[in-house]
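Structural characterization, general
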Amino acid sequence: MTTTTAPTTSPLAGLTVASVMHHGILGAPKDAELSTLAAIMARYQVHSVLLTDADRPAIVTDLDLLATAVEDDAEVTAGRSGRSLPVVAPQTPLSAAVGVMVEADARHLLVQDRGAHAGVLSSFDVVAVVGGHDPRVAGMPRPRPARPALSETRLERVRVRDVMHPGVLGVPPSTSVRDLADTLAHHRLHAACVSGIVGGRGGEHLVWSIASDMDVLRAAHGGQLDATAGEVAGTEALTVDADDPLDEAAARLVAHGVGHAIVAGAAGAPPAGVLSSLDVIGVLAIDLG
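If you're wondering where the values come from, they're calculated on a predicted model, not measured in any experiment. (Residues numbered from 1 in each chain as written. Predicted model: local features only at pLDDT ≥ 70, side-chain atom pairs only at ≥ 80, totals over all residues. Heavy atoms only, no water.)

As for helix α9 (residues 213–221)
Most of α9 sits out of view: seven of its nine residues are buried. N-capping of α9 is provided by Ser212, with a side-chain oxygen placed 3.3 Å from the backbone N of Met214. Where α9 terminates, the next one or two residues include Gly223, which has phi positive at roughly 65 degrees. (Buried < 20%, exposed > 50% of the residue type's maximum accessible area, 1.4 Å probe, protein only. Helix = DSSP H or I, 4+ residues; strand = E, 2+ residues; numbered from the N terminus. Polar contact = N/O pair within 3.5 Å; in protein donor to acceptor, adjacent residues only side chain to side chain.)

This is how it looks when you write it as structure tokens:
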């Protein structure tokens, strides 16, 4: 007797952009100063700000902001830092919108209804759906850990240890993409560390990488939600030291094009924590006034 396995239904099936998007936008004019953008990102814990009066739909991201800070170009405005933002309609099938995000390597899509800005679809909204969460709840800002007030606010005078998140959210390489999405949505994070011992033709070896929200989207777009985190993790883990000056750590985030770095622990010890782009922007917002 031959048995067949029914195809697994994608959690994106039957959904439209309107059913998971965030209504309304966080925006700023294209001539906004970088201090304004940093303040918005730090206050609302978002990784991008829409330029509301740009000639074309455009967005400034956390890494755009850090790149400008690293270059120490205080004259750069939002309009010069912005990048094109793909546009979809509310009735667009969610699976098609995910395809647009993957093809454009974009974490955000602007949603327009009859030419008017209606809201934003983010990669985290999609991750929440894949993980079985309500995007409206999963996307709420998470409480930030209490930290002592900084005695210095210049990036070069602040150390990574002053602003990092202690501890590391990790998953084993065998974790399914669905469970990875569940973990990211539950903890309201955009990335997790994938670490552990896996076997192969050459024997066992240590896996050490980062699985991000975009890795989840690529897997969903490619019908690979039953793949493992170890298989889809597309970013080598960037490591910084707790004593590194924050401007140097920010430069490394920009150079590698990633929003998170693992903070190395003492020799032979587990990682001390994680540094995110928003940790740096929180300091930058104070520094720029």
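Anyway, onward from the coordinates.
Topic: the environment of Gly223
Along the polypeptide, Gly223 turns up in the loop between α9 and α10 (229–232). Once the C-alpha coordinates of Gly223 and Thr9 are considered, the two residues, 214 residues apart in sequence, prove to be 9.6 Å apart.

Remarks on the sheet that holds strand β9 (residues 165–166)
With mixed pairing, the four strands of this open sheet are ordered in space as β9-β16-β15-β14. Only two strands of the sheet have a single neighbouring strand rather than two, namely β9 and β14 (239–241). (Pairing = 2+ DSSP bridges.)

Points about the pattern of salt bridges
According to the stated counting rule, one finds seven salt bridges in the structure shown. Here Asp113 and Arg114 are joined by a salt bridge, their closest N and O atoms 3.5 Å apart. Judged by relative accessible area, Asp113 falls into the partly exposed class, the value being 33%. For Arg114, a relative accessible area of 79% corresponds to the exposed category. Between Asp243 and Arg161 there is a salt bridge, with the nearest N and O atoms lying 2.9 Å from each other. You can see Asp243 sitting in the loop between β14 and α11 (246–256) and its partner Arg161 sitting in helix α7 (residues 160–163), a full 82 residues away along the chain. Assessed through its relative accessible area of 49%, Asp243 is described here as partly exposed. Judged by its relative accessible area of 45%, Arg161 is partly exposed. One connected set of salt bridges, linked through shared partners, spans Asp105, Asp215 and Arg218. (Salt bridge = Lys/Arg side-chain N within 4 Å of Asp/Glu carboxyl O.)

Considering the pairing of strand β3 (residues 48–51)
Of the two faces of β3, the one holding Ser48 and Leu50 and the one holding Val49 and Leu51 are both buried throughout. Where strand β2 (residues 27–28) lies against β3, two bridges are found, and the strand directions are parallel. Each bridged residue has a counterpart across the sheet, and for Ala28 the counterpart in β3 is Leu51. Running through helix α1 (residues 34–44), the crossover from β2 to the neighbouring parallel element β3 is right-handed. Pairing of β3 with strand β4 (residues 58–61) involves four bridges; the strand directions are antiparallel. Residue pairing for β4: Leu51 is matched across the bridge by Ala58. Counting the residues in the hairpin turn of β3 and β4 gives six residues. (Right-handed = clockwise from strand over helix to strand, strands pointing away.)

Digging into the sheet that holds β4
Taken in spatial order, the four strands make up an open sheet running β2-β3-β4-β5, and their pairing is mixed. The sheet terminates laterally at β2 and β5 (83–84), the two strands that pair on one side only. Against the sheet, helix α2 (residues 62–71) touches β4 and β5, its axis set at about 60 degrees to β4. (Contact = heavy atoms within 4.5 Å. Axes fitted to C-alpha atoms, helices over the stretch in contact; angles between N-to-C directions.)

Focus: unusual backbone geometry
Residue Arg114 is not a glycine yet carries a positive backbone phi of 55 degrees. Backbone geometry at Arg188 places phi at a positive 55 degrees, although glycine is not the residue there. Structurally, the position occupied by Arg188 is in the loop between α8 (177–187) and β11 (191–198). The partly exposed category is assigned to Arg188, whose relative accessible area is 26%.

Section: helix α5 (residues 123–130)
In terms of burial, α5 is a largely internal element, eight of the eight residues being buried. Of all the residues in α5, the buried ones are Ser123, Phe124, Asp125, Val126, Val127, Ala128, Val129 and Val130. Looking at the residues trailing α5, positive phi occurs at Gly132, about 85 degrees.

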